[in-house]
Amino acid sequence: MSRWLVTGATGMLGRDMCLALQRHGEPVTALGHRELDITDAAAVAGRLREHGPDVVVNCAAWTAVDAAEQHEAQALAVNGTGAANLAGACARQGARLVQISTDYVFGGDQPRGYAEEDHPAPLNAYGRTKLAGERAALGLPGAGYVVRTAWLYGAHGPNFVAAMIGKARAGSPVRVVADQRGQPTWSLDVAAQIVALIRAGARPGVYHATSTGATTWHGLAREVFRLAGADPGLVEAVPSAAYPRPAARPRCSVLGHGGWARAGLAPIGAWDSALALAMPVLLAGR
Ligand SMILES: NC(=O)c1ccc[n+]([C@@H]2O[C@H](COP(=O)([O-])OP(=O)(O)OC[C@H]3O[C@@H](n4cnc5c(N)ncnc54)[C@H](OP(=O)(O)O)[C@@H]3O)[C@@H](O)[C@H]2O)c1
């Protein structure tokens, strides 16, 4: 058993992280944005001294991908400097840091997908700021973990699957991009994977906490409609060009899972099986 501290604890992943820890009987201090602003180095140091965690999971982030294009300095303050503040405080306290990161650190032009050790080349400001956070965590000697995830959905907070459930329930037709590939991932699966990682005493480094298999946003939307009892034919495939956005998105951000095997752990399962398991929880909560 370890003493855990979760930052960003009221966000989508933060809430499931706390839930997974409680289910595993691990003691957790949950700090939302109001209890701890990770851009405030003195506050971060004070909270870590106060609670003395063995493991800090940083679920706090600037997650507004498009807004980061215009506000990169503010996004960097949270995603880069905030992570560095936590890494510094963890180093002083002898705690381990799990920094959550993203597939958006990659360019998305690699059809075979990306291994943990592949060279990051972000396409947008959000990805650059998240890469700065990775570097801060990996600079923590012998105690820094980077857990990259992608295409997250969960019971707490707005996300693509929740939006599609709303459309399916209304029986509304919807146009969804069909030329970006990724791995839809349930935030509760990511949380359980992080618990397993630390409990197994896995080596610090980079891990990819995404579902296996891959699909497009269009494929995901069709599956949500099907599972919600609506007609998948209501989901029309369109190219990304139909929805121009301020931030460029990777075309193919499929992540490899070799890190789990090296740690003697199984990766998260197939995206469609995970979605089928999550759907009753997601439908009940909306
Ligand atoms: N969602 C995805 O599809 C996805 C994909 C890949 C990676 N990720 C990564 O997964 C992690 C969790 O994302 P999420 O989807 O759970 O995001 P989320 O729901 O937006 O949660 C982020 C949390 O961080 C808090 N926060 C923002 N600035 C903060 C600060 N300065 N100090 C402390 N807390 C702060 C937010 O609080 P307020 O709302 O009160 O500001 C929010 O509760 C992030 O690292 C994200 O980059 C997400």
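The shown structure was predicted, so the numbers you read here are calculated from the model rather than taken from an experiment.

J.: For this particular structure, what's the right way to read the layout of surface pockets?
T.: Rolled over the atoms, a probe with the dimensions of a water molecule shows which regions are left empty. By volume, the second largest pocket amounts to about 230 Å³. Forming the boundary of the second largest pocket are E116, E117, A202, R203, P204, G205, V206, Y207, G259, R262 and A263. Of all the secondary-structure elements, those providing two or more residues to the lining of the second largest pocket are β10 (205–208) and α9 (258–262). Examining the composition of the lining of the second largest pocket, we find that 3 residues originate from one element, β10, more than from any other. Here the residues of the lining of the second largest pocket are counted per class, giving 5 nonpolar, 2 polar and 4 charged.

J.: How should I be thinking about the packing of helix α4 (residues 72–93) against helix α5 (residues 125–138) in this particular structure?
T.: Geometrically, a packed helix pair is captured by the angle between its two axes and the distance between the axes. It is at 8 Å that the axes of α4 and α5 come closest, and there the two elements cross at 10 degrees. Taken together, the axis directions place α4 and α5 in an arrangement best described as roughly parallel. In this structure, α4 crosses over α5, and the sense of that crossing is right-handed. Seen from α4, the contacting residues are E72, A75, L76, N79, G80, A83, A84 and A87; seen from α5, they are A125, Y126, R128, T129, K130, A132, G133 and A136. When the residues that make up the contact of α4 with α5 are grouped by side-chain class, the tally is 9 nonpolar, 4 polar and 3 charged.

J.: Got a minute to help me understand the packing of helix α6 (residues 160–170) against helix α8 (residues 217–227) in this structure?
T.: The geometry of α6 relative to α8 is characterised by a closest axis approach of 9 Å and an angle of 50 degrees between their N-to-C directions. In terms of axis orientation, α6 runs oblique to α8. For α6 against α8, the interelement crossing comes out right-handed. Side by side, α6 and α8 meet where F160, V161, M164, I165, K167 and A168 of the first sit next to W217, L220, A221, V224 and F225 of the second. Partitioning the contact of α6 with α8 into residue classes produces 10 nonpolar, no polar and 1 charged.

About the cut-offs
- Residues numbered from 1 in each chain as written.
- Predicted model: local features only at pLDDT ≥ 70, side-chain atom pairs only at ≥ 80, totals over all residues.
- Heavy atoms only, no water.
- 1 Å grid on protein atoms, 1.4 Å probe; cavity = no way out; pocket = protein on both sides within 12 Å on 5 of 7 lines; lining within 4 Å.
- Points joined across faces, edges and corners; volume = space filled by probe spheres on them.
- Helix = DSSP H or I, 4+ residues; strand = E, 2+ residues; numbered from the N terminus.
- Nonpolar A, V, L, I, M, F, W, Y, C, P; charged D, E, K, R; others polar.
- Axes fitted to C-alpha atoms, helices over the stretch in contact; angles between N-to-C directions.
- Parallel < 35°, antiparallel > 145°, perpendicular 65-115°, else oblique.
- Left-handed = near helix turned anticlockwise from the far one by under 90°.
- Contact = heavy atoms within 4.5 Å.

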